[in-house]
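Working through the structure, step by step
Next come the chains, spelled out residue by residue.
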Amino acid sequence: MKVLITDDEAQVRKGLLWKLDWEKEGFTVVGEASNGREALRLMEEKEPDIVLTDVRMPIMDGIALVKELASSYPKIRTIILSGYADFEYVRASMHEGVKRYLLKPVDPEELSSALKDIKDELIREKAEEYREERAKKLMEDQLADIREQYLLQLVRDEWAGLSISEEKLMYLGLETFCNQEVRFLSVEIRGSMSRSDLRALFLPFRMICRELAEERALSFVDASYPHMVHYISRIDDVNTLATDVQRAAKEFLGLESVIGLGKPVRGAMALKTGYESSILAWGQSSINIESQLIDDNKRENDPDFPDEAVKVLNAYIEQGNESLLQSFLTNLLERQSSVMDFTLTANRILLHLNLLAGKYDPKRAEVGEEVWKCQISIWEMTSYQEVIHQLTELSNRIMRMASKLKTPANGEEVVSQVKAYMDIHYATDMSLATLAGQFHINAAYLSELFKAQVGQNFTDYLISLRMKKAKELLVDTGLKVIDIAHICGFSSSGYFSTVFKKKFGVKPIDYRKGLDTQGGEEK
């Protein structure tokens, strides 16, 4: 703890220095001042925690100093030193931030006691500030994670059939971006290093991107695209955001960055289109290790890729018809009239296949590497046939994944995939019906399979997942119950409390109090 001594008599100041073994007591005298004005000049430079000051001083007396400190430095603790005759005068100033009043000549034990009391108080306050700051940071991180999951649902096919809760959009800070014109940015980092070294730099890059977002954008990641961070941004802030990201990547990490800038879109229903547009723009970049910015809004001609083509592609994969699938992909790609149209169409097919794979492999653990190989083939464009071959191989891989789920004897595989999806998306709006549609299976049949394999029905398992997370948050953080409710997927704290009490016999707030009385151990 740092102490500043203020007294107009040098002998008194020296006497105070001799009265205590300051270092042993845990204090450092960082400066001396002969009046209040001089003390104020030293405040910025010395940054003391405690000020000892006399009352009667020239230029600026102790009472005026105390008032100024209370106004400009409210966290500073003050001890007044004065004679008995000034007691009533000083007592009137106690509300201005004075913690103790000591009579001159100062008794060493009284001075030590006063300083110790203030030190203990400051330590408690700093511990509380740290706890609050930690809880706030954890809250921000938790909200950012759940916001990303919800946003990913909106920008992928995964949101289809789900109710878009206005309350949740507002709580997560997404309503602004769903109600005004926005653009997506897809940012990839590149460098002349191994993929493992580049991967090691992705976390600091992601943190930089999150900080750069500020209030103008939201950042998120998609497991389908390694080394990439995506933004949804207000349309007026797109260009400055892109410039800031590329500058920061180079300045702080020594990396180049490639940015795909999507076309403007408005409304939750159009977010998927905007996201695809930024991915397609990024897909048009060259494979060179250099910073690039590709604006999809500047592309005038878009090769014909009707919705019917998507339906046909889905149908062949669902049917498991490899020959028809290969013929369809070959015809669709070979009829493109230019290299640009070919690469755009190939990227659109790859984008759709990647989204489709997410239904059977939520973490993209099985297909991530193949998606990347396809992207490299499209970038290099050494051979049309190689691109077609890579896309066909990826399609066949997804086809085999889909067929596993449709095999009646393989109910374990179906439930395993559904559980994997639920483990990731437990905080989002979901129902058995939407999951059944997601995995192309009859809802009643999925319900039977799930109960047989897991031993719980769908609703009970989802509640168990959410309750497990809620207990973790109640144990480890100072988050409010309403915050935990939203983070765990409940639209209201009242319903969350009802479910929690039914599950564990106590309300969330009482559960937390019980942990406090037992040192954080679970009851």
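We now turn to the structure provided with this report. Note that this is a predicted model, so its numbers are computed, not measured. (Residues numbered from 1 in each chain as written. Predicted model: local features only at pLDDT ≥ 70, side-chain atom pairs only at ≥ 80, totals over all residues. Heavy atoms only, no water.)

Some words on the layout of surface pockets
Estimates place the volume of the largest pocket at around 710 Å³. Lining the largest pocket are 22 residues, and of these E140, A144, R147, R210 and E211 lie nearest its centre. Residue assignment for the lining of the largest pocket shows that the elements contributing at least two residues are α6 (108-155), α10 (202-213) and β7 (217-220). Broken down by element, the lining of the largest pocket gets its largest block of residues, eight residues, from α6. (1 Å grid on protein atoms, 1.4 Å probe; cavity = no way out; pocket = protein on both sides within 12 Å on 5 of 7 lines; lining within 4 Å. Points joined across faces, edges and corners; volume = space filled by probe spheres on them. Helix = DSSP H or I, 4+ residues; strand = E, 2+ residues; numbered from the N terminus.)

Notes on the side chain of T343
Mapped onto the fold, T343 is located in helix α15 (residues 339-360). Judged by its relative accessible area of 9%, T343 is buried. A polar atom in the side chain of T343 sits 2.9 Å from the backbone oxygen of M340. Non-local contacts of T343, meaning those with residues more than four positions away in its chain, are made with Q284, I378 and M381. (Buried < 20%, exposed > 50% of the residue type's maximum accessible area, 1.4 Å probe, protein only. Polar contact = N/O pair within 3.5 Å; in protein donor to acceptor, adjacent residues only side chain to side chain. Contact = heavy atoms within 4.5 Å.)

Observations concerning the pairing of strand β3 (residues 50-54)
Within β3, five of the five residues are buried, which leaves the element mostly enclosed by the surrounding structure. Residues I50, L52 and D54 line one face of β3 and the alternating positions V51 and T53 line the opposite face, and both faces are buried. Pairing geometry for β3 and strand β4 (residues 77-82), over five bridges, is parallel. Bridge assignment links V51 to a residue of β4, and that residue is T78. For the segment spanning β3, helix α4 (residues 62-72) and β4, crossover handedness is right-handed. (Pairing = 2+ DSSP bridges. Right-handed = clockwise from strand over helix to strand, strands pointing away.)

Quick look at the packing of aromatic side chains
Tallied over the full model, the rule gives 17 aromatic pairs. Judged by centre distance (6.3 Å) and plane angle (90°), the rings of F184 and F220 are edge-to-face. Of this pair, F184 sits in strand β6 (residues 181-190) while F220 sits in strand β7; the two residues are 36 residues apart in sequence, bridging distant segments of the chain. Note on F220: relative accessible area 0%, which makes it buried. (Phe/Tyr/Trp six-rings, centres within 6.5 Å; stacked < 30°, edge-to-face > 60°.)

A short note on the packing of helix α13 (residues 307-319) against helix α14 (residues 322-334)
Interhelical geometry of α13 versus α14 gives an angle of 155° and a closest axis separation of 9 Å. When the interaxial angle is binned, α13 and α14 end up roughly antiparallel. As α13 packs across α14, the resulting crossing turns out to be left-handed. On α14, the residues touching A309, V312, L313, Y316 and I317 of α13 are L324, L325, F328 and L329. Across the contact of α13 with α14, the residue classes break down as nine nonpolar, no polar and no charged. (Axes fitted to C-alpha atoms, helices over the stretch in contact; angles between N-to-C directions. Parallel < 35°, antiparallel > 145°, perpendicular 65-115°, else oblique. Left-handed = near helix turned anticlockwise from the far one by under 90°. Nonpolar A, V, L, I, M, F, W, Y, C, P; charged D, E, K, R; others polar.)

Some thoughts on the pattern of salt bridges
Under the defined criterion, the tally for this structure stands at 23 salt bridges. Connected via shared salt-bridge partners are D7, D54 and K104. (Salt bridge = Lys/Arg side-chain N within 4 Å of Asp/Glu carboxyl O.)

Quick word on the nonpolar core
Proteins that are soluble and globular tend to have nonpolar side chains buried together. Among the nonpolar cores identified, the biggest contains 70 residues, and L271, M422, L435 and F496 are the most heavily contacted of them. Beyond its immediate chain neighbours, meaning those up to four positions away, L271 contacts L151, L154, V155, F177, C178, V182, F184 and I232. Membership of the second largest hydrophobic core comes to 30 residues, among which are F328, L356, V367 and M401. (Core = buried A, V, L, I, M, F, W, Y, C linked by side-chain atoms within 4.5 Å.)

Structural notes on the packing of α14 against α15
Viewed as axis vectors pointing N to C, α14 and α15 meet at an angle of 145°, and their least axial separation amounts to 9 Å. Only F342, T345, A346 and I349 of α15 make contact with α14, whose side of the interface consists of L329, L332 and L333. Of the residues that constitute the contact of α14 with α15, the class distribution is six nonpolar, one polar and no charged.

A short note on the pairing of β7
Regular strands place their side chains on alternate faces of the sheet. Residues A217 and S219 line one face of β7 and the alternating positions L218 and F220 line the opposite face, and both faces are buried. Relative to strand β8 (residues 228-234), β7 runs antiparallel, the two sharing four bridges. Across the sheet, F220 pairs through a bridge with H230, a residue of β8.

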